[in-house]
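As a plain string of letters, each chain reads:
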Amino acid sequence: MSEKELRRSLAVLPMGTVMKLTSLTARQIRYYDDSGLVNSLRTESNRRLYSLNDIDRILEVKDYLDEGMNLEQVKRVYEKQRQRSLKKRVAKQQSVSDQKVRQYLRKDILKAGGLDSNSDSQFRPGQL
């Protein structure tokens with residue numbers, strides 16, 4: 001995670017600041033939070049703190065609701081986004097591991113055929 005992304009994810013903004021930035025009431029913000037659309041951080045005194053990423057998410061939810069969606073539909077949108085992101089990460093990990101497997105397999109085949117540059121074989125690649 002980059003430093004910029006790390007700083008955007010720090011929960012440091014209190015409810016009053018979030019209300020001013022989003023033009024929403026405290027009740028609306030708490031409702032989004034309680035619905036699981038936003039995950040605020042709680043202090044020891046149980047105050048909610050939000051990050052810049054949380055504010056972006058709140059504004060997205062507000063836009064979706066203004067477009068006529070209900071909360072369940074918004075939740076489904078975010079769930080689909082989460083699943084797509086997870087699939088991309090899994091695919092990326094598999095492609096990297098597939099590449100490694102191919103490299104190991106190539107080395108093994110070369111070694112078994114006596115064509116490995118590190119082996120003591122009398123045959124060298126390019127000499128056949």
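Read on for an overview of the structure. (Residues numbered from 1 in each chain as written. Predicted model: local features only at pLDDT ≥ 70, side-chain atom pairs only at ≥ 80, totals over all residues. Heavy atoms only, no water.)

### Re the overall build of the protein
Counting its regular elements, the protein contains five helices and three strands. Taken across its 128 residues, the protein has 23% of its residues classed as buried. Counting only contacts in the protein whose residues sit at least 6 apart along the sequence, the fraction spanning at least 24 positions is 48%. (Helix = DSSP H or I, 4+ residues; strand = E, 2+ residues; numbered from the N terminus. Buried < 20%, exposed > 50% of the residue type's maximum accessible area, 1.4 Å probe, protein only. Contact = heavy atoms within 4.5 Å.)

### A few points about helix α2 (residues 15–22)
Every buried residue of α2 is listed here: Met15, Val18 and Thr22. Across the axial projection of α2, the buried residues extend over an arc of 60 degrees, all falling on one side. Summarising the contacts, the buried residues of α2 are in contact with β1 (13–14), α3 (26–34), β3 (48–50) and α4 (52–66). Positive backbone phi, at 60 degrees, marks serine 23, one or two positions downstream of α2. (Arc of directions from axis to C-beta.)

### What to know about the packing of aromatic side chains
As enumerated under the stated definition, the model contains one aromatic pair in all. Taking 6.0 Å as the distance between ring centres and 75 degrees as the angle between the ring planes, the aromatic pair formed by tyrosine 64 and tyrosine 78 counts as edge-to-face. In this pair, tyrosine 64 is assigned in helix α4 and tyrosine 78 in helix α5 (residues 71–112), connecting sequence segments 14 residues apart. Tyrosine 78 carries the same exposure label as tyrosine 64, and that label is buried. The residue whose ring lies beneath arginine 57 is tyrosine 78, and the NZ or CZ to ring-centre distance is 3.6 Å. (Phe/Tyr/Trp six-rings, centres within 6.5 Å; stacked < 30°, edge-to-face > 60°. Lys NZ or Arg CZ within 6 Å of the ring centre and 35° of its normal.)

### Section: the packing of α2 against α3
The description of two helices packed together rests on the angle between their axes and the distance between the axes. It is at 10 Å that the axes of α2 and α3 come closest, and there the two elements cross at 100 degrees. With respect to each other, α2 and α3 are oriented roughly perpendicular. For the pair formed by α2 and α3, the contact residues are Met15, Val18, Met19 and Thr22 on the first element and Ala26, Ile29 and Arg30 on the second. Within the contact of α2 with α3, the residues separate by chemical class into five nonpolar, one polar and one charged. (Axes fitted to C-alpha atoms, helices over the stretch in contact; angles between N-to-C directions. Parallel < 35°, antiparallel > 145°, perpendicular 65-115°, else oblique. Nonpolar A, V, L, I, M, F, W, Y, C, P; charged D, E, K, R; others polar.)

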